[in-house]
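Architecture at a glance
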Amino acid sequence: MEGSVIDELIFSVSFVGIGIYLVWVLILILFGQDQKLQQTQLKEPIEQLIILVPALNEALVIRQTITNFVAQTASLPQVKMVIIDDASSDQTAQVVNETLQQLACGSKVQLLQRYLPEAQQGKGEALNWAYQQLVGPLAPSLRKRVICGVLDADAYMDEAAYLRVMEHFAFDPELSLLQTRVAMFKEQNWLQKLQDIEFVIINNWIQNIRNRLGNAAASGNGQFIRVSAVNGYYPWGNALLEDFEFSTRFLLQAKATHYASEIVVYQEALAQVRPFIRQRARWTQGGIRLLSGLLAQDLIK
């Protein structure tokens with residue numbers, strides 16, 4: 001008798017869970033579609049777009065990332081890339097220097113190196129360290145026209161994407177944060193294809209709903225901020241999900257954010273199950289820490 005009651009309870013809970021899931025899927029389908037940007041006249045032309053690329057043991061991919069960037073921004077002198085070598089134990093810094101010499105791209109791409117014991121303290125720390133060096137010397141009057149973006153070491157954007165990023169900020173002088181649409185390239189197995197579907201479709205729907213609510217979320221790769229919107233020189237925290245923490249800061253400060261589904265940043269998908277599980281476990285742990293209020297005091301500051 002007792003077992004029957006437990007079975008009925010489990011069935012009821014499962015039924016309710018399925019119902020909630022179906023309602024959520026319906027909301028995504030109905031309200032998660034792309035919205036066209038209402039463009040007006042350019043108001044605040046962007047003078048500089050700085051791309052930060054944290055790199056810890058990225059020797060295998062960083063050459064291609066730099067080569068693609070230089071090729072795609074050849075006609076965009078205001079767009080620059082800064083590689084942050086976070087005390088890599090492989091040949092990341094050497095590969096970067098060799099690539100810069102081969103491409104002869106001048107100041108288009110810059111290498112900043114961190115050293116132990118200060119290095120390897122998290123992605124947020126590496127970003128803040130570089131941000132402080134690059135933004136600190138800027139005059140206050142210039143900061144509203146300077147954008148800082150974050151790309152992964154294996155990320156790729158084309159020329160049109162960089163132009164659209166600058167246009168979004170130029171059209172809306174109050175825009176503080178812009179997140180682009182993430183997609184995978186070189187999908188070869190079923191796991192990589194499923195990740196592409198997740199980001200291109202499901203995450204896209206979710207972000208479009210967040211657009212309607214007035215709070216797009218930063219996704220780490222392909223996020224861009226207006227320098228003048230940041231208080232101080234430490235935009236990113238050191239949580240496991242420094243991008244989500246960053247978005248929450250902007251939400252609490254009522255700053256304007258937007259998700260641009262027409263701008264795509266490409267990244268490599270994980271090809272094996274074990275690294276995929278580790279990645280999702282890290283995301284889950286980071287989300288729980290934020291939602292549990294462990295960072296509430298720091299976020300409210």
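Scroll up for the structure.
Residues numbered from 1 in each chain as written. Predicted model: local features only at pLDDT ≥ 70, side-chain atom pairs only at ≥ 80, totals over all residues. Heavy atoms only, no water.

**A word on the pattern of salt bridges**
Scanning the entire structure with this criterion turns up seven salt bridges. Between R114 and D86 there is a salt bridge; the shortest N-O distance is 2.8 Å. Residue R114 is located in strand 3 (residues 109-114), and its partner D86 is located in strand 2 (residues 79-86); the two are separated by 28 residues in the primary sequence. With relative accessibility at 7%, the residue R114 sits in the buried group. By relative accessible area, D86 is classed as buried at 6%. We note a salt bridge from R164 to E262, for which the minimum N-O separation is 2.8 Å. Of this pair, R164 sits in helix 5 (residues 159-171) while E262 is found in strand 7 (residues 256-268), placing the two residues 98 residues apart along the sequence. A relative accessible area of 40% means that E262 is categorised as partly exposed. A cluster of three or more residues bridged by salt bridges with shared partners is formed by R164, E167 and E262. (Salt bridge = Lys/Arg side-chain N within 4 Å of Asp/Glu carboxyl O. Helix = DSSP H or I, 4+ residues; strand = E, 2+ residues; numbered from the N terminus. Buried < 20%, exposed > 50% of the residue type's maximum accessible area, 1.4 Å probe, protein only.)

**Remarks on helix 2 (residues 62-72)**
All buried positions along helix 2 are accounted for by I62, T65, I66, F69 and V70. Along the long axis of helix 2, the arc covered by the buried residues comes to 125 degrees, so they all point the same way. On its buried face, helix 2 is in contact with strand 1 (48-55), strand 2, helix 3 (92-103), strand 3 and helix 5. (Arc of directions from axis to C-beta. Contact = heavy atoms within 4.5 Å.)

**Digging into unusual backbone geometry**
Here the bond from L116 into P117 is cis, since omega is 10 degrees, no more than 30 degrees from zero. Summarising the element assignment, P117 is placed in the loop between strand 3 and helix 4 (123-135). Positive phi, close to 60 degrees, is recorded for A87, a residue that is not glycine. As for its placement among the helices and strands, A87 is situated in the loop between strand 2 and helix 3. The exposure class of A87 is buried, given its relative accessible area of 14%. Positive phi, close to 55 degrees, is recorded for A254, a residue that is not glycine. By secondary structure assignment, the location of A254 is in the loop between helix 7 (242-252) and strand 7. A254 gets classed as exposed once you look at its relative accessible area, which sits at 71%.

**Considering the environment of I206**
Here I206 lies in helix 6 (residues 190-213). You can call I206 partly exposed: its relative accessible area is 29%. Considered as a pair, I206 and A217 are eleven residues apart in the sequence and their alpha carbons are 9.6 Å apart.

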